[in-house]
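Below are the chains, spelled out letter by letter.
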Amino acid sequence: MTVVQMNQPKPLPLLSVRDLCVDYASRTGLKRAVDRVSFTLDANEVLGLAGESGSGKSTVAFAIARLHRPPAFITGGSVTLDGTDVLALKGENLRQWRWRDVSVVLQSAMNALNPLLTVQAQFTDLFKAHGVKHKAEILERSAELLRMVGIAPDRLLDYPHRFSGGMRQRLVIAMALALSPKLIIMDEPTTALDVVVQRELLEEVTILRKRLGFSILFITHDLALMSQFCDRIGIMLNGELVEMGPPLQMIEAPQHAYTRKLWNAIPPLHPPQTPPRRVLETAP
Amino acid sequence: MSPSLTSPILETRKLGMVFRGHRDVAALTDVSFQLYRGRALALVGESGSGKSTCAKILTRMMLSTGGQILFNGKDVTRPGDRREVLAYRAQVQMVFQDPFAALNPAHSVRHHLSRPLALHKPNLGYGEREDLTAELSLMVGLDPAETLDKYPHELSGGQRQRVNLARAMAVDPAVLIADEPTSMLDVSIRLNILDMFKPLKRDRGIAMLYITHDIATARYVAEETAVIYGGRIVEIGPTATIIDAPRHPYTRLLLAAVPEIGRPFGSADAGLVREADRVRAISREPGRLAEVAPGHLVRECSASFA
């Protein structure tokens, strides 16, 4: 795990989210899904957002990548990434900004890959959309990306169904790295995978991050996994960010009752040796 | 109660399952375990390991292609006539992974609980059936007055899984098979569902097969644990021993990979994870299951890992 060196003056955060609000329009009116959420994310940092289904964690991620479509509306706040006012981006500027500055890895790799195209064709699409036109360069860069995530480059000509679940997610991560973005949003990237594959994949992401220096916004419901992978953890409840801090602080001294409830919901693997795992629940 | 003092309710002996196709797939090979009254066995494995195939065979949704199943000592590997199949099904009930798909959206909770009673206990009068339905609802922590007339879409995931458990318990089974009963539920309510199994074991003497990919919950639910990989049990024994002193490389790999506080990524204990492919390869070998301590069996394999 990389710890940001603190002996130099603190640089501006890479990502700054201020009072973000997202509403879903329905027949009965607006339903607030994200309510005045604020946080920052530094360069080279891994920030985790944890919460249960419906807590708004994915809605935050989608808002940062500007992926929302009606009936979801960003109704307030600001998002700044490396000096760019993200919520003001439009048209071609937005299209070019996506993937070049921010890429997204979602839970289901099979839904993110086109089953009718070879991996090579999908890399070609990606590069062409972002101005890389030379066939030889595209081939070379695709092969390099595959090598980076531990897949033999000769598999570029295979279709997605020829890969296992873990390898498909590696392909998606390779695509997410293609344009060297500053931030990769990972929304439950390993939830559909087995624990061993999950650990293998995230160990590799950890190594890649040290080498390439990108930041990650990591979204999961698995608090234990998050404590292993992230530099800081935020807890979402009913659209609000209720608590945020480094893993150790969140484990040993959680302030919010809901954070304590989430920890207590995880049965410890080694009960006697790890006393902090069972945090005392105080009366509300 | 030591298992050796009593005989198992349900037992498999060298159970095998081969799916025939243009390429045969051996989903289960040489799977032997025992389920005892008032105790739970956790079957821990990853997707494709064969754990759900095992559940399907034990609940008669599928017929095995090898080995034996014994129920109270009687060979029930091949189904008998309809009466025998019904009697077996009343004794061996199942709770499924998906609490949404397991309930009929067109029927009320009352229907889901009273229907098995009508089928398996036809002698009950209407009033008795109503009383039992209310009792089942209370047993799983649902207020009958509030819940029985609701439809599945009006319930939360946790409530639905409670209804599924009540439905399984309606026919008074001796064996409960729970296939990933909490993996589709929100984290904060998972333990509440698992907590409901404890009184069933203690007070009703239910023998349980708890199927999961999450070895940490195995410790919470089950006295014994079997780790299954590639259709073979690679290690079986008391849950605490399996977790605290694992012997088989695959069990150790699984434990090294389980998310746990205090073991950050990029640290030394990822060692075995880096050799995952090698561990997987040797874990597919058909070695002999050797008893390394009373009740603790480990499949022999050709390599060892530091």
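The following refers to the structure shown. (Residues numbered from 1 in each chain as written. Chains lettered and ligands numbered in written order. Predicted model: local features only at pLDDT ≥ 70, side-chain atom pairs only at ≥ 80, totals over all residues.)

## Let's talk about the overall build of chain A
Part 1 of the reasoning: Of regular secondary structure, chain A possesses 10 helices and 10 strands.
Part 2 of the reasoning: For chain A, whose C-alpha radius of gyration is 20 Å, the value lies close to the compact-globule estimate of 19 Å for 284 residues.
Part 3 of the reasoning: With the principal axes as the frame, chain A shows a C-alpha extent of 65 × 45 × 45 Å.
Part 4 of the reasoning: In chain A, buried positions account for 40% of the 284 residues.
Part 5 of the reasoning: Counting only contacts in chain A whose residues sit at least 6 apart along the sequence, the fraction spanning at least 24 positions is 68%. (Helix = DSSP H or I, 4+ residues; strand = E, 2+ residues; numbered from the N terminus. Rg over C-alpha atoms; globule rule 2.2 N^0.38 Å. Buried ≥ 20, exposed ≤ 12 C-beta atoms within 10 Å, placed from the backbone. Contact = placed C-beta atoms within 7 Å.)

## With respect to the interface of chain A and chain B
Part 1 of the reasoning: Each side of the interface is counted separately: chain A has 29 residues, and chain B has 29 residues.
Part 2 of the reasoning: By residue number, the principal contributor to the side of chain A that touches chain B is helix 7 (residues 195–212) of chain A, which donates eight residues.
Part 3 of the reasoning: Taken together, the residues of the side of chain A that touches chain B break down into 13 nonpolar, eight polar and eight charged. (Nonpolar A, V, L, I, M, F, W, Y, C, P; charged D, E, K, R; others polar.)

## Some thoughts on the sheet that holds strand 1 (residues 15–26) of chain A
Residues and elements named next belong to chain A.
Part 1 of the reasoning: Taken together, four strands build an open sheet; the order of strands is 2-1-4-5 and the sheet is antiparallel. Both edges of this open sheet fall to strand 2 (29–41) and strand 5 (84–85), since each of them pairs with a single strand only.
Part 2 of the reasoning: Pairing analysis gives eight bridges linking strand 1 to strand 4 (residues 72–81), with the strands arranged antiparallel. Looking at strand 4, one finds that Asp23 is bridged to Phe73. (Pairing = 2+ DSSP bridges.)

## Some remarks on the nonpolar core
Residue and element names in this part refer to chain A.
Part 1 of the reasoning: One finds Ile64 and Leu217 to be the most contacted residues of the largest nonpolar core, which totals 161 residues.
Part 2 of the reasoning: Element by element, the count of residues in this core is highest for helix 6 (residues 165–177), at seven residues.
Part 3 of the reasoning: Non-local contacts of Ile64, meaning those with residues more than four positions away in its chain, are made with Val17, Val79, Val86, Val102, Ile185 and Leu217. (Core = buried A, V, L, I, M, F, W, Y, C linked by C-beta atoms within 7 Å.)

## Focus: the packing of helix 7 of chain A against helix 11 (residues 249–257) of chain B
Two quantities define a packed helix pair, namely the angle between the helix axes and the distance between the axes.
Part 1 of the reasoning: For the pair helix 7 of chain A and helix 11 of chain B, interaxial distance at closest approach is 8 Å and the crossing angle is 55°. Between helix 7 of chain A and helix 11 of chain B, the crossing angle belongs to the class labelled oblique. As helix 7 of chain A packs across helix 11 of chain B, the resulting crossing turns out to be left-handed. Two secondary-structure elements touch here, helix 7 of chain A through A:Val195, A:Val196, A:Gln198 and A:Arg199 and helix 11 of chain B through B:Leu253, B:Leu254 and B:Ala257.
Part 2 of the reasoning: Its residues placed into classes, the contact of helix 7 of chain A with helix 11 of chain B shows five nonpolar, one polar and one charged. (Axes fitted to C-alpha atoms, helices over the stretch in contact; angles between N-to-C directions. Parallel < 35°, antiparallel > 145°, perpendicular 65-115°, else oblique. Left-handed = near helix turned anticlockwise from the far one by under 90°.)

## Details of unusual backbone geometry
Where the residue is not glycine, phi is negative for most of them; where a peptide bond is considered, it is trans in most cases.
Part 1 of the reasoning: Across the junction of A:Pro70 and A:Pro71, the peptide omega takes the value 10°, indicating a cis bond.
Part 2 of the reasoning: Relative to the helices and strands, A:Pro71 is located in the loop between helix 1 (57–64) and strand 4.
Part 3 of the reasoning: Positive phi, normally seen in glycine, also occurs at A:Asp19, with a value near 50°.
Part 4 of the reasoning: Mapped onto the fold, A:Asp19 is located in strand 1.
Part 5 of the reasoning: Positive phi outside glycine occurs at B:Glu180, with the angle close to 50°.
Part 6 of the reasoning: Mapped onto the elements of the fold, B:Glu180 is located in the loop between strand 7 (175–179) and helix 7 (187–195).

## Focus: the sheet that holds strand 1 (residues 10–19) of chain B
The strands making up a sheet are joined through hydrogen bonds of the backbone, oriented either antiparallel or parallel.
Residues and elements named next belong to chain B.
Part 1 of the reasoning: Read from one edge of the open sheet, four strands run 2-1-4-5, paired in antiparallel fashion. Where the open sheet ends on each side, the last strands, each with one partner, are strand 2 (25–35) and strand 5 (74–75).
Part 2 of the reasoning: Note that strand 1 and strand 2 share seven bridges and pair antiparallel. In the sheet register, Phe19 faces strand 2, and the bridge partner there is Val25.

## Some thoughts on the pairing of strand 11 (residues 289–293) of chain B
All names here are of chain B.
Part 1 of the reasoning: Across the five residues of strand 11, zero count as buried, placing the element largely on the outside.
Part 2 of the reasoning: Bridging between strand 11 and strand 12 (residues 296–299) involves four bridges; their strand directions are antiparallel. Along strand 12, the bridge assignment pairs Ala290 with Val298.
Part 3 of the reasoning: The loop that links strand 11 with its antiparallel partner strand 12 comprises two residues; one of these, Gly295, has a positive phi angle of about 80°.

## Things to note about helix 1 (residues 51–58) of chain B
All names here are of chain B.
Part 1 of the reasoning: Most of helix 1 sits inside the fold, with six of its eight residues counted as buried.
Part 2 of the reasoning: Residues of helix 1 that are buried include every one of Lys51, Thr53, Cys54, Ala55, Ile57 and Leu58, and no others.
Part 3 of the reasoning: Positioned one or two residues after helix 1, Arg60 has a phi angle of 70°, which is positive.

## A short note on the pairing of strand 6 (residues 92–95) of chain B
Residues and elements named next belong to chain B.
Part 1 of the reasoning: In strand 6, alternate side chains face the same way, and those of Val92 and Met94 on one face and Gln93 and Val95 on the other are all buried.
Part 2 of the reasoning: With four bridges connecting them, strand 6 and strand 7 associate as parallel partners. Across the sheet, residue Gln93 finds its bridge partner in strand 7, namely Leu176.

## Quick notes on the environment of B:Asn164
Residues and elements named next belong to chain B.
Part 1 of the reasoning: Within the fold, Asn164 resides in helix 6 (residues 157–169).
Part 2 of the reasoning: Linking Asn164 and Val109, residues 55 residues apart in sequence, is a C-alpha distance of 9.5 Å.
Part 3 of the reasoning: Apart from residues lying up to four places away in sequence, Asn164 is in contact with Val95, Phe96, Pro99, Ala102 and Leu103.

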